Every structure is written in C-alpha cells, then in structure tokens.
Amino acid sequence: MSRIGNRKIEIPAGVTVVEENGTVTVKGPKGELNTNLVNNITIKVNGNELEVLRANDSKEVKSMHGTTNANLTNMIKGVTEGFEKGLEIVGVGYRFALKGNKLVINAGYSHQVEMDIPNGITVEVPTNTEVTVKGIDKVQVGEFAANIRKVRKPEPYKGKGIRYKDEHIRRKEGKKAA
C-alpha cells in the first residue's frame, strides 16, 4: 500500500496530460515535458484529477508506484510554476558572471571555470556573488545547480566556496596554538 502512489494528483487549468504507448506528455503554460512509464504502471485521467495505477503487487512495481506519482507531480508543477535553485559564492575574489550561453565562475583557481548552460535552463546573476538556476524540469535544474556547486564545495573552516542559498555549513574550529 503506497500512500504516495495512491495519492490523486490535481491537474490545474491550462495543463493537459496525455498518455500514448507508455509515454506521458504534460503540456502547460511554461512548456512541455515527457516521461516513459514503467511496465505494469498506468495512469488514468478523470476530469482534473490524475491517478497512477499499478497492475500487480510485485516488489519492482510497488517501488515504482510512488516514484512515478511524485515524478508526474513534479512535471505538472514544472509546467505551471517552474523550479529554481539559488546559489551563492563566498570568498575573496570569488564571483559569477554570464558570458553569452556560458556561466563563468572565478573560484580561487588559476583559471576561470566556464560551464555551458543546457537547453531548457535559464541562469540569472543578480549580483556577482549570487546565481539563480531556473527551468521546468526539476531534475535538470537540480543537476545543473549541483554541478555549479561541485566547482568549489564549501569548506568547513572558513566557509569559502559555492553553497545553496538555504544551505547551512557546519563550521569546524581550527588548530589550537600550544
């Protein structure tokens, strides 16, 4: 009995959900997303509600029931509201900049790190120490934000590096002088 899998998903006005040959397409005001359904999992649209159904109670199907429901919920939220992740950089001389379709990061290395911005993602740099990653696909937004953070992870002694906006870095005490 999957509580998340049995949850009914409300489809807002302006969003259409279509299933064809095991592929679900969600269209909304911000764009369109597709995903493939796992075998033995189907969806049923009743008016403005979406229901995820499973054919049997095998372990594999039961484990994918809730995951499919959560993924479809994220797709519907993505095409209506979109997703965004904020990052900030801390350190002397550390900064972000946009150059065309590339994000340029100065993070204390001898060279600048340039990252290509993938299709479907928009990047905003409100200040030179902050960056916002926006898009309709939650996985793509999270993955690109994680790749930015990977350039210089925050270190625990001085707190320098790239961190998420809501992330708290646990600080360590330095060496004691004898």
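Above this note sits the structure.
What comes next is a walk through the structure.

How each quantity is defined
Throughout, a residue's number is its position along its own chain's written sequence, starting from 1. Since the coordinates come from a predicted model, pLDDT governs what is reported: local features require at least 70, and pairs of side-chain atoms require 80 or more to be given and counted, while whole-chain, interface and lining totals use all residues. Side-chain descriptors were evaluated using all non-hydrogen atoms of the structure, hydrogens and water having been removed beforehand. We count a stretch as a helix when DSSP gives it H or I for four or more residues in a row; a strand needs E for two or more, and each element gets its number in order from the N terminus. Restricting the calculation to C-alpha atoms gives the radius of gyration, and the globule rule supplies 2.2 Å times the number of residues raised to the power 0.38. We call a residue buried when its accessible area falls under 20% of the maximum for its residue type, exposed when it is over 50%, and partly exposed in between, using a 1.4 Å probe and counting protein chains only. Throughout, a contact is declared for two residues whenever any of their heavy atoms are within 4.5 Å. All accessible-area figures derive from a Shrake-Rupley calculation using a 1.4 Å probe, and residue coverage is judged against the displayed protein chains alone. Neither His nor the chain ends contribute to the count of charged residues, in which Lys and Arg are positive and Asp and Glu negative. Charge positions are represented by NZ for Lys, CZ for Arg, CG for Asp and CD for Glu. Helix span is expected to be 1.5 Å times the residue number reduced by one. Axes are fitted to the seven residues ending at a residue and to the seven starting at it; the angle between these axes is taken as the bend at that residue. In plain words, nonpolar cores are sets of buried Ala, Val, Leu, Ile, Met, Phe, Trp, Tyr and Cys residues tied together by side-chain atoms within 4.5 Å. Two strands pair under a simple rule: DSSP has to find at least two bridges between them. Note on geometry: axes are C-alpha line fits, over the in-contact stretch for helices, and angles between N-to-C directions span 0 to 180 degrees. Stacked, edge-to-face and tilted labels apply to pairs of Phe, Tyr and Trp rings (six-membered ring for Trp) whose centres lie within 6.5 Å, assigned for plane angles under 30 degrees, over 60, and everything in between, in that order. Sitting over a ring, as applied to charges here, requires NZ of Lys or CZ of Arg to be within 6 Å of the ring centre and within 35 degrees of the ring normal. Lining residues are defined by having an atom within 4 Å of a point belonging to a cavity or pocket. Those points lie on a 1 Å grid over the protein atoms alone, cavities being sets where a 1.4 Å probe fits but cannot get out and pockets being open sets with protein on both sides within 12 Å along at least five of seven lines. Grid points are joined across faces, edges and corners, and a volume is the space filled by probe spheres set on the points. Residue type decides the class: Asp, Glu, Lys and Arg count as charged, Ala, Val, Leu, Ile, Met, Phe, Trp, Tyr, Cys and Pro as nonpolar, and the leftover types, Gly among them, as polar.

Some thoughts on the overall build of the protein
Argument step 1. Scanning the protein from N- to C-terminus turns up three helices and 13 strands.
Argument step 2. Relative to the 2.2 N^0.38 estimate, which gives 16 Å for 178 residues, the radius of gyration of the protein is 21 Å and therefore markedly larger than a compact globule would have.
Argument step 3. Taking the principal axes of the C-alpha coordinates as reference, the protein spans close to 65 × 45 × 25 Å.
Argument step 4. Within the span of the protein, comprising 178 residues, buried residues form 34% of the whole.
Argument step 5. Summarising the internal contacts of the protein: among those between residues at least 6 apart in sequence, 49% fall at separations of at least 24.
Argument step 6. Total accessible area on the protein stands at roughly 11100 Å², and carbon and sulfur atoms take up 47% of it.
Argument step 7. The distance from the centre of the 29 positive side-chain charges to the centre of the 21 negative ones in the protein is 9 Å.

Here's the deal with unusual backbone geometry
Argument step 1. Positive phi is not limited to glycine here, since Asn-21 has a value of about 50°.
Argument step 2. Within the secondary structure, Asn-21 sits in the loop between β2 (16–20) and β3 (23–28).

A few points about helix α2 (residues 59–80)
The periodicity of an α-helix, 3.6 residues per turn, causes residues three or four positions apart to be oriented the same way.
Argument step 1. For α2, spanning 22 residues, the distance from its first C-alpha to its last is 33 Å, which sits close to the expected 32 Å at 1.5 Å a residue.
Argument step 2. Its axis deflected by about 25° at His-65, α2 carries its strongest bend there.
Argument step 3. Here α2 has its buried residues at Val-61, His-65, Gly-66, Thr-68, Asn-69, Leu-72, Met-75, Ile-76, Gly-78 and Val-79.
Argument step 4. Remark: Gly-82 follows α2 within two positions and exhibits a positive phi of approximately 85°.

Let's talk about the nonpolar core
Argument step 1. Ranked by size, the top nonpolar core spans 22 residues in total, and within it Leu-87, Phe-96, Ile-105, Phe-144, Ile-148 and Ile-162 carry the most contacts.
Argument step 2. Where this core is concerned, the elements lending two or more residues are β7 (83–90), β9 (102–106), β10 (113–116), β11 (121–124), β12 (130–135), α3 (138–150) and β13 (161–164).
Argument step 3. In terms of residues, this core owes the most to one element, α3, which gives four residues.
Argument step 4. Membership of the second largest hydrophobic core comes to 18 residues, among which are Ile-41, Ile-43, Val-79 and Ile-136.

Some remarks on the sheet that holds β13
Across a sheet, strands are paired by hydrogen bonds formed along the backbone, either parallel or antiparallel in direction.
Argument step 1. Spatial strand order, β11-β12-β7-β13: four strands in an open sheet with antiparallel pairing. A strand with exactly one partner marks an edge of an open sheet, and here the two such strands are β11 and β13. Between one strand and the next, the sheet's axes are offset by a mean angle of 25°, whatever the strand orientation.
Argument step 2. Where β7 meets β13, four bridges bridge the pair, whose relative direction is antiparallel. In the sheet register, Ile-89 faces β13, and the bridge partner there is Ile-162.

Some details on the packing of aromatic side chains
Argument step 1. Taken as a whole, this structure holds zero aromatic pairs when the rule is applied.
Argument step 2. One Lys or Arg, Lys-85, reaches over the ring of Tyr-164 and ends 4.8 Å from the middle of that ring.
Argument step 3. Residue placement shows Arg-152 over the ring face of Tyr-109; its charged tip is 4.3 Å from the ring centre.

Notes on the sheet that holds β9
Argument step 1. Reading across the sheet, the three strands line up as β8-β9-β10 and stay open at both edges, with antiparallel pairing between neighbours. Sheet topology places β8 (95–99) and β10 at the edges, where each strand pairs with a single neighbour. Along the sheet, successive strands turn relative to each other by an average axial angle of 25°, direction set aside.
Argument step 2. Of the strands in this sheet, β8, β9 and β10 touch α3, which is tilted by about 170° from β10.

What about the layout of surface pockets?
Argument step 1. In this structure, the largest pocket spans a volume of roughly 200 Å³.
Argument step 2. As for the largest pocket, its lining consists of Leu-33, Asn-34, Thr-35, Asn-71, Asn-74, Met-75, Phe-83, Ile-136, Asp-137, Lys-138 and Val-139.
Argument step 3. When residues of the lining of the largest pocket are traced back to their parent elements, those giving at least two are β4 (31–36), α2 and α3.
Argument step 4. Of the residues belonging to the lining of the largest pocket, the class tally is five nonpolar, four polar and two charged.

So, the environment of Asn-39
Argument step 1. One can find Asn-39 in the loop between β4 and β5 (41–46).
Argument step 2. Assessed through its relative accessible area of 66%, Asn-39 is described here as exposed.

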